[in-house]
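Results of the structural survey
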Amino acid sequence: MIDPLDLVLISVDDHTIEPPDMFAGRVPSRFADLAPRIVEDTDGVCYWEYDGLRLPNIGLNAVAGRPNAEWGFEPSRFDDMRAGCYDIDARVNDMDASGVLASVCFPSFPTISGALFTYQGDREVSEVMVRAYNDWHIEDWCGRHPDRFIPMGILPLWDPTLAAAEVHRLAGLGCRAVTAPQHIGSYGQPPWQDPHWDPLWEALCEENTVVNIHIGTGGGVPVPSDQTTYLAYNSMLPIDTQRFTADLLFSPILIKFPTIKFSLSEGGIGWIPFLLERFEDIYARQRAWTGDDLGGGLTPTQVYRRNFMSCFIRDRVGIEMRDRIGVETICWEMDYPHSDSSWPDAPEQLAAQLDGCTAAEVEAITWQNAARAFGYTGVDRLGRSNCTVGALRQRIVDLDLSAPKVDAGRAPKAGATAITYGEMKLRMASILRGGA
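Residues numbered from 1 in each chain as written. Predicted model: local features only at pLDDT ≥ 70, side-chain atom pairs only at ≥ 80, totals over all residues. Heavy atoms only, no water.

Before going further, it helps to spend a moment on empty space enclosed by the protein. Enumeration over the complete set of coordinates arrives at two cavities of 30 Å³ or more. What the second largest cavity holds in volume is close to 30 Å³. Partitioning the lining of the second largest cavity into residue classes produces three nonpolar, three polar and one charged. (1 Å grid on protein atoms, 1.4 Å probe; cavity = no way out; pocket = protein on both sides within 12 Å on 5 of 7 lines; lining within 4 Å. Points joined across faces, edges and corners; volume = space filled by probe spheres on them. Nonpolar A, V, L, I, M, F, W, Y, C, P; charged D, E, K, R; others polar.)

The next point concerns the nonpolar core. Counting residues in hydrophobic clusters, the biggest one holds 94 residues, and the most contacted among them are Phe 23, Phe 117, Met 129, Trp 192 and Phe 262. Top contributing element to this core by residue count: helix α3 (residues 123–142), with ten residues. Excluding its chain neighbours within four sequence positions, the residues that come into contact with Phe 23 are Ala 35, Pro 36, Trp 48, Phe 109, Phe 117, Met 129, Ala 132 and Tyr 133. Val 8, Val 104, Cys 331 and Ala 371 belong to the second largest nonpolar core, which has 23 residues in total. (Core = buried A, V, L, I, M, F, W, Y, C linked by side-chain atoms within 4.5 Å. Buried < 20%, exposed > 50% of the residue type's maximum accessible area, 1.4 Å probe, protein only. Helix = DSSP H or I, 4+ residues; strand = E, 2+ residues; numbered from the N terminus. Contact = heavy atoms within 4.5 Å.)

With that out of the way, let us pick up the side chain of Asp 14. Mapped onto the elements of the fold, Asp 14 is located in strand β1 (residues 9–15). Summary of buried charges: Asp 14 has no salt-bridge partner, and the nearest side chain of opposite charge, Arg 91, is 5.4 Å away. Side-chain polar atoms of Asp 14 contact the side chain of Ser 11, separated by 3.0 Å. A polar side-chain atom of Asp 14 sits 2.7 Å from a polar atom in the side chain of Ser 103. The residues touching Asp 14, leaving out its near neighbours within four places in the chain, are Arg 91, Ser 103, Val 104, Cys 105, Phe 106, Met 334, Asp 335 and Tyr 336. (Lys, Arg positive; Asp, Glu negative; His and termini not counted. Salt bridge = Lys/Arg side-chain N within 4 Å of Asp/Glu carboxyl O. Polar contact = N/O pair within 3.5 Å; in protein donor to acceptor, adjacent residues only side chain to side chain.)

Cis peptide bonds are those with omega within 30 degrees of zero, and the linkage from Tyr 336 to Pro 337 qualifies with 0°. The topology assignment puts Pro 337 in the loop between β10 (330–332) and α13 (346–353). Residue Pro 344 is reached from Trp 343 by a cis peptide bond, and omega for that bond is 5°. Within the secondary structure, Pro 344 sits in the loop between β10 and α13. If you check the backbone angles, Asp 51 has positive phi at about 50° while not being a glycine. Along the chain, the position of Asp 51 falls in the loop between β3 (46–50) and β4 (53–56). Look at Asp 51 and you get partly exposed, because its relative accessible area is 48%. Of note, Thr 111 is a non-glycine position whose phi angle comes to about 75°, a positive value.

Here's what the structure looks like:
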């Protein structure tokens with residue numbers, strides 16, 4: 001049996017709910033009035049606003065500590081959330097409670113892929129905001145507790161030269177991870193395979209920077225109809241990760257830039273053996289007439305293991321097929337504070353998932369693969385015994401694990417029938433317009 005308290009955990013996919021003052025003092029005075037800001041609606045709900053676009057913190061993005069029955073699409077105020085969602089010191093306390101040593105945190109209001117400033121706003125202003133966001137993330141979010149976070153930047157994705165320059169700047173600040181969308185064409189840009197992006201890929205390889213591709217950043221998952229239930233829609237989201245993987249693996253990118261590394265976030269891993277088997281079959285049977293060549297005599301499985309990492313929260317099927325995936329490519333995520341998260345009993349859930357793995361496999365999946373990919377050296381410097389779940393939980397005892405109470409009038413109401421995709425779209429549109 002695996003002892004949860006002896007695990008060392010690096011989560012490669014968590015989320016920041018950005019605090020209201022994050023841009024204060026980080027934007028030149030002539031741009032200060034144009035920076036994203038928090039506005040409060042008449043009903044007391046807070047929104048981020050940028051270039052006329054309203055961006056609420058949707059309730060499902062910050063449910064840590066809240067009973068499942070209280071989840072919903074309703075926008076959350078900061079005082080509805082656990083402080084660990086947006087306060088860095090409180091976040092570290094919540095990490096200690098779940099035994100997580102280090103965390104990679106995706107953005108929220110700039111979108112998970114950081115694409116807000118690409119599809120919205122004046123280019124000069126957005127360039128300033130990208131740099132300001134990254135400086136805040138590196139200095140204030142990660143810098144307060146440097147051993148506990150692996151910094152990840154956003155990019156000005158409307159210009160590959162600017163994006164490459166930001167990759168180099170970030171690396172100079174100690175940040176060798178960025179987030180990007182699955183399908184950049186959905187944001188009015190050339191597709192990733194276009195040579196237009198070669199300066200970006202070259203910079204990423206030069207700096208050994210990991211590209212994090214999060215689920216749900218492809219511009220929308222094809223849904224059969226508005227009558228599709230929300231649960232069915234949510235279940236479909238990993239399909240876009242599969243589309244991205246196939247799209248990139250057979251593209252010229254991995255031939256021209258063989259050292260580039262993509263991390264597939266929150267897409268799970270159980271689908272990978274099926275897709276690799278299909279890749280192998282298609283490549284062997286069809287390449288003679290299509291002209292495809294992955295280079296160096298490599299097979300699709302070998303290319304996948306060279307260029308891709310993946311992560312899971314709960315995926316017992318994937319763990320059972322770990323040898324067919326490649327143990328060296330698998331990482332773990334907690335997804336705090338989203339509705340899929342395993343917080344606060346993440347170690348206990350993960351230990352059950354890893355039952356049957358060897359000790360070496362457990363170490364690889366829970367922290368070593370992530371540490372290698374992201375260049376994290378905390379365990380070596382701090383000593384493993386100081387990094388375990390048990391050691392971290394000793395730092396924080398009697399921590400209240402609940403979330404603040406939501407006003408009864410704003411609490412979500414369960415419907416008589418399942419929520420449909422169409423209803424979700426209407427609700428989200430109403431929220432963005434400021435409707436009830």
